[in-house]
Amino acid sequence: MRKLISKNLFVIILGSLFFLVTSARVKFNSYATECVSLESDKYITINIWNSKKGSKYTITNAQREAIHSILYSGISNGNGCSTQNPLLNNIEQRANFKKIENKFFRKGGEWNRFIKSSTTATTLPITIGEKKWKVYQVSISKEQLRKYLEEQKIIKPLTNGF
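Residues numbered from 1 in each chain as written. Predicted model: local features only at pLDDT ≥ 70, side-chain atom pairs only at ≥ 80, totals over all residues. Heavy atoms only, no water.

K.L.:
Help me understand unusual backbone geometry in this model?
P.N.:
Negative phi characterises most residues that are not glycine, and trans characterises most peptide bonds. With phi around 60°, Lys153 is a residue other than glycine that occupies positive phi space. On the accessibility criterion, Lys153 (70% relative accessible area) is exposed. (Buried < 20%, exposed > 50% of the residue type's maximum accessible area, 1.4 Å probe, protein only.)

K.L.:
Explanation requested: the state of the cysteines in the structure shown.
P.N.:
Enumeration according to the criterion identifies one disulfide in this entry. In this model Cys35 forms its disulfide with Cys81; the gap between the sulfur atoms is 2.0 Å. Measuring handedness by torsion sign, the sulfur bridge of Cys35 and Cys81 sits at about -75° and is left-handed. Of the two residues, Cys35 is situated in strand β1 (residues 31-38) and Cys81 in the loop between α2 (59-72) and α3 (91-98); the sequence distance between them amounts to 46 residues. Take Cys35 and Cys81: they sit in the same class, and that class is buried. (Disulfide = S-S within 2.5 Å. Helix = DSSP H or I, 4+ residues; strand = E, 2+ residues; numbered from the N terminus.)

K.L.:
Can you help me understand the packing of aromatic side chains in this one?
P.N.:
Inspection of every chain in the model, using the stated rule, returns eight aromatic pairs. Centre to centre, the rings of Tyr57 and Tyr136 are 5.8 Å apart; their planes meet at 55°, and the pair counts as tilted. Residue Tyr57 is located in the loop between β2 (43-50) and α2, and its partner Tyr136 is located in strand β4 (residues 135-141); the two are separated by 79 residues in the primary sequence. Accessibility expressed as a relative area gives 0% for Tyr57, which makes it buried. (Phe/Tyr/Trp six-rings, centres within 6.5 Å; stacked < 30°, edge-to-face > 60°.)

The analysis is restricted to geometry; functional conclusions fall outside its scope.
If you want it as structure tokens, here you go:
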């Protein structure tokens, strides 16, 4: 009987820990981006909006999702910008980043270091028309983000192999 109680207690504790870990994850979905400019000082400025959150989309979510976009999906060309490939461009790099992702994106996490500026966009992207969505313009230091990933041994330096 005592063994059964300790097993059940172990299962409850383990289940609670799993719930806490999975519920602490930052969710990224339904955001869309549009390149505004690619600056000579290695900053990229994008418009970003979230079709599910609409007018309830916050600037903090926009900033996090802008970093997420640079890391995982890149930015397509437009407005004089060339296509920006994602910084995590293979399975190994993504797996390495997954190990630190929750810590990186948590409140007060490292992600905030790479935001230069963010404001509400004054012009709406053509693709959303007159919808009541909040659109933010976020400038990100792609070069500093790349250096951080190199320091964390998530990606290899560009000069690797030369």
